[in-house]
Amino acid sequence: MIIEQIKLDNGTAQGFKWEFENASLLLIKAEKGYVMCGYLNMETADKLGDIAAVVSGVDSFEDVLQASLKSVSKKALDIGIEEGMTGRQALEKMF
């Protein structure tokens, strides 16, 4: 597992990367929420009341930051995070 500090304008997030045989599982966590790859489940994030967003087709932390959001949780919508924003834009709103 790789853990990395990711400096953003509004704070420092933590990046987590687990490499598997066929793909990597990536998650970047800010103070109030996180952006995750498609390995993780938005239904569960919504059920738990998390501020979360999903990106896909990513293999690095930079990919997560640049990718467009494919889906967002209800709590993420409440703080102005929308599909189509970049992972970076979403994370900046999560501090």
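Use the structure listed above.
Below you will find a few notes about this structure. (Residues numbered from 1 in each chain as written. Predicted model: local features only at pLDDT ≥ 70, side-chain atom pairs only at ≥ 80, totals over all residues. Heavy atoms only, no water.)

### A closer look at the overall build of the protein
Then, number 1: Along the backbone of the protein there are four helices and six strands.
Then, number 2: Reading the protein from its N end, one meets helices and strands in the order β-β-β-β-α-β-α-β-α-α.
Then, number 3: In summary, the protein has a C-alpha radius of gyration of 12 Å against a globular reference of 12 Å for 95 residues, a match within 12%.
Then, number 4: Over its C-alpha atoms, taken along the principal directions, the protein stretches across nearly 35 × 30 × 20 Å.
Then, number 5: Within the protein, counting contacts between residues at least 6 apart in sequence, those at least 24 apart form 33% of the total. (Helix = DSSP H or I, 4+ residues; strand = E, 2+ residues; numbered from the N terminus. Rg over C-alpha atoms; globule rule 2.2 N^0.38 Å. Contact = heavy atoms within 4.5 Å.)

### Details of the pattern of salt bridges
Then, number 1: Evaluated as defined, the whole model comprises one salt bridge.
Then, number 2: A salt bridge links Lys17 to Glu19, with the shortest nitrogen-to-oxygen separation between them at 3.6 Å.
Then, number 3: By relative accessible area, Glu19 is classed as exposed at 56%. (Salt bridge = Lys/Arg side-chain N within 4 Å of Asp/Glu carboxyl O. Buried < 20%, exposed > 50% of the residue type's maximum accessible area, 1.4 Å probe, protein only.)

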